[in-house]
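Observations on the three-dimensional arrangement
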Amino acid sequence: MLIVLKKWQLINSFVEEKARKVQEVLLFITLTGITILVFIQVILRYVLHSPLMGIEELLLFPTIWLYFLGSANASVEHTQIKAQVIEIFLKTPVSLKISRIIMGLFSFCVDCWLTYWAYQYFQYSIRVHKLSATLYIPMVIAESAVFIGFLLMGIYVFLETIDYIVKPLSEFKLDGND
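Remember, predicted model here, so these are calculated numbers, not experimental data.

1. A few points about unusual backbone geometry
Backbone geometry at histidine 129 places phi at a positive 55°, although glycine is not the residue there. Considering the arrangement of structural elements, one finds histidine 129 in the loop between α3 (93-128) and α4 (140-166). Since its relative accessible area comes to 48%, histidine 129 is described here as partly exposed. Located in the positive-phi region is tyrosine 136, a residue other than glycine, with phi close to 55°.

Structural data, given as structure tokens:
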């Protein structure tokens, strides 16, 4: 069992490390792009009194990607919002482990359901080929973020659930600091 645990921890830490680096770069790019676009619009509108048409529409694309990549990043860092109120009443590491496994399985099932619907929406978006109103940018660029974001969150929740299953009882602490 110890060998399986060590191998799992190596795989899990490798995936989390690589995913975290890629997502941090993409988050930096989208956040920088949003900041630059807003700065340009403010200068043009309020200093030069000549707003540029389409910047608000252009902001939609990196903003949606920022939102869903940020959600996936919170999942990989285990900082997403969790309602773990039941853990207040748990008295043993065994009950804490079972609670976390059930929470992980439930979260994974919900995410699979949402990912399925996001995939259906992604397929619809490709089929319809909607364009943005002013700049005629394909909306699939923004709408694909929903599917990719839920897919990434599902992968991370799955890895976290397996981690709960494989993790020995000694690593489950009742003080809430694990």
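Next, the rest of the story.
2. Side note on the pattern of salt bridges
By the definition in use, this model includes 3 salt bridges. Its salt-bridge partner being lysine 130, residue glutamate 143 comes within 2.8 Å of it at the nearest N-O pair. Highlighted residues: glutamate 143 in helix α4 and lysine 130 in the loop between α3 and α4, separated in sequence by 13 residues. Owing to a relative accessible area of 8%, glutamate 143 belongs among the buried residues under this scheme.

3. A closer look at the packing of aromatic side chains
This model, assessed by the stated rule, comprises 7 aromatic pairs. Measuring from ring centre to ring centre gives 5.1 Å for tyrosine 67 and phenylalanine 68, while their planes differ by 85°; the resulting arrangement is edge-to-face. Judged by its relative accessible area of 13%, phenylalanine 68 falls in the buried class. Aromatic pair tyrosine 116 and tryptophan 117: ring centres 5.6 Å apart, planes at 75°, arrangement edge-to-face. When its relative accessible area of 45% is taken as the criterion, tyrosine 116 is described as partly exposed. Joined through ring pairs, the aromatic side chains of Tyr67, Phe68 and Phe150 make up one cluster.

4. A word on the packing of α3 against α4
Interhelical geometry of α3 versus α4 gives an angle of 160° and a closest axis separation of 8 Å. The angle between α3 and α4 falls in the class roughly antiparallel. In the crossing of α3 with α4, the sense of the turn from one axis to the other is left-handed. Considered class by class, the residues forming the contact of α3 with α4 number 20 nonpolar, 7 polar and 4 charged.

5. Here's the deal with the nonpolar core
One finds Ala19, Phe68, Ala72, Val76, Ala118, Phe122, Ala145, Val146, Phe147, Phe150, Met153 and Tyr156 forming the largest nonpolar core, which totals 12 residues. For this core, the secondary-structure elements that each account for two or more residues are α2 (55-76), α3 and α4. Residue contributions to this core peak at 6 residues, all from α4. Apart from residues no more than four positions distant in its own chain, valine 146 is found in contact with Phe68 and Ala118. Within the second largest apolar cluster, 5 residues are counted, among which are Leu90, Leu96, Tyr164 and Phe172.

Cut-off values and rules
Within each chain, residues carry numbers counting from 1 in the order of the written sequence. Totals for whole chains, interfaces and linings use every residue, but because this is a predicted model, local features are given only for residues with pLDDT of at least 70 and side-chain atom pairs only at 80 or more, for both listing and counting. Processing note: side-chain calculations cover all non-hydrogen atoms of the structure and skip hydrogens and water entirely. Counting from the N terminus, the helices are DSSP H or I runs at least four residues long and the strands are E runs at least two residues long. Exposure categories follow from relative accessible area, calculated using a 1.4 Å probe and restricted to protein chains: below 20% of the type maximum is buried, above 50% is exposed, and the middle band is partly exposed. When a carboxyl oxygen of Asp or Glu is within 4 Å of a side-chain nitrogen of Lys or Arg, the pair counts as a salt bridge. Classification of ring pairs rests on two measures: the distance between centres of Phe, Tyr or Trp rings, Trp counted by its six-membered ring, which must be within 6.5 Å, and the angle between planes, read as stacked under 30 degrees, edge-to-face over 60 and tilted in between. To get an axis, a line is fitted to the C-alpha atoms, and for a helix only the part in contact is used. The angle between two axes follows their N-to-C directions and goes from 0 to 180 degrees. By definition in this entry, angles of less than 35 degrees are roughly parallel, angles greater than 145 are roughly antiparallel, angles of 65 to 115 are roughly perpendicular, and the rest are oblique. Left-handed is the label given to a crossing in which the near helix is rotated counterclockwise from the far helix by less than a right angle, and right-handed is the label when the rotation is clockwise. Throughout this entry, Asp, Glu, Lys and Arg are counted as charged residues, while Ala, Val, Leu, Ile, Met, Phe, Trp, Tyr, Cys and Pro are counted as nonpolar. The remaining residues, Gly among them, count as polar. Here, nonpolar core refers to any group of buried Ala, Val, Leu, Ile, Met, Phe, Trp, Tyr and Cys residues whose side-chain atoms link them within 4.5 Å. Every residue pair with non-hydrogen atoms within 4.5 Å of one another is taken to be in contact.

Everything listed here is a matter of geometry and, on its own, says nothing about what the molecule does.
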